[in-house]
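Examining the three-dimensional arrangement
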There are 2 protein chains.
Amino acid sequence: MAGDQVVRNTQVILRDYVCGVPRESDMYVTSDNTISLKNSQQKIAKYVYCTPGSPIWGYGVAKVVDSSHPEYKKGDLVWGLTRWEEYSLITNVPETSFIKIHHTDVPLSHYTGLLGMAGKTAYAAVFEVGRPKKGDKVFVSAASGAVGQLVGQFAKLAGCYVVGTAGSKQKVDLLKNKLGFDEAFNYKEENDLEAALKRYFPEGIDIYFEHVGGKLLDAVLVNMKEHGRIAACGMISQYDLAEPEPLKNLFQIMLKRLHIQGFTHRDYDHIVPNYYEFVLPYIRQGKIVYVEDIVEGLENGPAALVGLFTGRNFGKQEVVALAPPQKQP
Amino acid sequence: MAGDQVVRNTQVILRDYVCGVPRESDMYVTSDNTISLKNSQQKIAKYVYCTPGSPIWGYGVAKVVDSSHPEYKKGDLVWGLTRWEEYSLITNVPETSFIKIHHTDVPLSHYTGLLGMAGKTAYAAVFEVGRPKKGDKVFVSAASGAVGQLVGQFAKLAGCYVVGTAGSKQKVDLLKNKLGFDEAFNYKEENDLEAALKRYFPEGIDIYFEHVGGKLLDAVLVNMKEHGRIAACGMISQYDLAEPEPLKNLFQIMLKRLHIQGFTHRDYDHIVPNYYEFVLPYIRQGKIVYVEDIVEGLENGPAALVGLFTGRNFGKQEVVALAPPQKQP
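Identification of chain A as Enoyl reductase (ER) domain-containing protein from Rubus argutus is taken from an unreviewed UniProt entry.

Okay, here's the thing in structure tokens:
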């Protein structure tokens, strides 16, 4: 605990429950002095966990500075659900809360994304739910997002034809020119999503990565092939609607004998070793691209979080990590 | 082929494609004289297959009277997709078209239902998709139907708590008093389906057998437990709507990490031996109840089929089989 000195602990606190898009004034920055983990990188995502008056929770990287838990010892690097504060005292650590970091030849910030929750989610979506065969046709929504960009690349590595959709020309360019998608389109420029999907998938979709919901999901259902698989880990278009958009094409589930699996990465802690075995060689060979912005300093967290919801996406995409102004722990 | 004599072959023919509920005048009875299978029992179901001008297709029992196919020989009893005619010439038999009948110590009419498509579907729904643990809470829609009544009984045999819904007091009584459901209710008497399900499943539903769709599915989604399973093999409320009912609660798929599997029995031909091993002892011990009406004579097929759609359900339930006026083949 840094030589037992008392350390000011900067925290980002949510003032009260937020309905819809958060504003900066919904959060404030404060301090306390209880410590045990020193937090390093933090992922900024739309699904951070909040209790008003407490620091925001999110996925991040931390170094254990003190531990009475048999699984963790001082000096361990871990990733998992941490708080937006410099130091955290974590009590009653559930066994799956933190995953130890053994591979430090890759940037630690990867454990907030590519090697963290987003990567685990994408790997589960593709290989546990999608189960692609070579030549399968894969459609990725929110394709430039933290998970989507990896789903597309993993599906390409599995020999699939991959089309992504995103909400701006910049993002579409990123998908086609940097992330290796076969095709990409801007859903905002399509009046008829069913027809757009028919254009890209004349024979239908084998695997759909669902992160959007609403009208897009309805259009996808009509374009699925028989025995298609839908990996559903987000419906971001529905998060800040008072009433969700109604869907009409559920009958397709039966007609096409579809398999739909709702999941979060938390259902797949057990696949992390397999995932790392799969992905680390590609990372070391530079065969995986992961596009993220790094924002320095917890005090910039509120603005960065709000930016995710308002499309102020730091120029090009949706993935942002908070890093301390200091070097890695 | 009955000593090479020419046999008049009575057929039930659909005049033209039917939109919505069929009328008797949409069908007519005729004859031709090509033979190879002698058809016996026929299941009458809402999902018979029709090409105008040809006999209606449906699941039935037949005896092979002539065969050049290596898998089938004269005298074999089979069940599978046959036609509403006395004799059928089946060309290009797909390998999975017919399942041979080896157990004849049970009524042959069982192979149009309990040991046929309905039984296979129910077994797949419960054990392949639902995968019940003892004590799981199971909800069955269309619970007095051909498949639903078996889903409920199989789930009870697996140690589950089972609630069914149906559309009349008579059917609800049947579920509770004859088919062994723990509870049953008439969905037509419930103004608030979400609240009704909450009443029967205060802790939520583990497994839902989906045969109805629409509002009921929407209410079920809200009442599912985390990691719940939905076996979807029908959405009968939606069959004759010009526009399907919109659903609002799809977000629950993600939130609850639901598994939804659309399927038909055709995806599960390979489980038939397991199914028979499971169910035949129960049938022989009288531990499975299967409620069906038998209508005699192909010439009564059109009226019986129409009755299914108009609720003229032969007094008590929805399961009807056509049998010839003669004895079994």
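1. A short note on the overall build of chain A
Per the secondary structure count, chain A includes eight helices and 15 strands. For chain A, the proportion of its 329 residues judged to be buried stands at 58%. Look at the contacts in chain A between residues 6 or more apart in sequence, and 67% of them connect residues 24 or more apart. As presented, chain A carries roughly 14000 Å² of accessible surface, and 49% of it is formed by carbon and sulfur atoms.

2. Quick notes on the relation of the copies chain A and chain B
Relative to chain B, chain A is turned by 180° and slid 0.0 Å along the rotation axis, the superposed coordinates differing by an RMSD of 0.0 Å. In the structure described here, the two chain copies are related by an operation that fits a two-fold rotation axis. Comparing contact sets, 100% of the residues at the interface of chain A also lie at the interface in chain B, consistent with an isologous, same-surface contact.

3. Quick look at the packing of aromatic side chains
Residue and element names in this part refer to chain A. Applying the stated criterion across every chain yields a total of 34 aromatic pairs over all chains. Measuring from ring centre to ring centre gives 5.3 Å for tyrosine 123 and phenylalanine 278, while their planes differ by 45°; the resulting arrangement is tilted. Of this pair, tyrosine 123 sits in helix H1 (residues 117–130) while phenylalanine 278 is found in helix H7 (residues 272–284), placing the two residues 155 residues apart along the sequence. Each member of the pair tyrosine 123 and phenylalanine 278 is classed as buried. Ring centres 5.4 Å apart and planes at 15° place the aromatic pair phenylalanine 139 and tyrosine 208 in the stacked group. Of this pair, phenylalanine 139 sits in strand S8 (residues 137–140) while tyrosine 208 sits in strand S11 (residues 205–210), and the two are 69 residues apart along the sequence. Note on accessibility: phenylalanine 139 and tyrosine 208 belong to one class, buried. The rings of Tyr111, Tyr123, Phe127, Phe154, Tyr275, Tyr276, Phe278 and Tyr282 are connected pair by pair, giving a single aromatic cluster.

4. Details of the packing of H1(A) against H7(A)
Residues and elements named next belong to chain A. Remark: H1 packs on H7, axes separated minimally by 10 Å, with the N-to-C direction vectors making an angle of 90°. Our classification of the angle between H1 and H7 gives roughly perpendicular. Contacts between H1 and H7 involve Gly119, Lys120, Tyr123 and Phe127 from the first element and Val272, Asn274, Tyr275 and Phe278 from the second.

5. A short note on helix H4 (residues 193–200) of chain B
All names here are of chain B. Three or more residues of H4 are buried, namely Leu193, Ala196, Leu197 and Tyr200. On an axial view of H4, the arc spanned by its buried residues comes to 95°, and they lie on one face. Buried positions along H4 lie against strand S8 (137–140), strand S9 (161–166), strand S10 (183–186), strand S11 (205–210) and helix H5 (214–223). Measuring from the backbone nitrogen of glutamate 194 back to the side-chain oxygen at the start of H4 gives 3.1 Å, which picks out aspartate 192 as the cap.

6. Considering unusual backbone geometry
All names here are of chain B. Within the chain, arginine 131 stands out as a residue other than glycine whose phi angle is a positive 45°. By relative accessible area, arginine 131 is classed as exposed at 57%. Not every positive phi belongs to a glycine, and histidine 227 is a case in point at roughly 65°. Positionally, histidine 227 belongs in strand S12 (residues 224–232). On the basis of relative accessibility, which here comes to 38%, the residue histidine 227 falls in the partly exposed class.

Calculation rules
Residues numbered from 1 in each chain as written. Chains lettered and ligands numbered in written order. Predicted model: local features only at pLDDT ≥ 70, side-chain atom pairs only at ≥ 80, totals over all residues. Heavy atoms only, no water. Helix = DSSP H or I, 4+ residues; strand = E, 2+ residues; numbered from the N terminus. Buried < 20%, exposed > 50% of the residue type's maximum accessible area, 1.4 Å probe, protein only. Contact = heavy atoms within 4.5 Å. Areas by Shrake-Rupley, 256 points an atom, 1.4 Å probe, with all protein chains shown as cover. Least-squares fit on C-alpha atoms with pLDDT ≥ 70 in both. Phe/Tyr/Trp six-rings, centres within 6.5 Å; stacked < 30°, edge-to-face > 60°. Axes fitted to C-alpha atoms, helices over the stretch in contact; angles between N-to-C directions. Parallel < 35°, antiparallel > 145°, perpendicular 65-115°, else oblique. Arc of directions from axis to C-beta. Polar contact = N/O pair within 3.5 Å; in protein donor to acceptor, adjacent residues only side chain to side chain.

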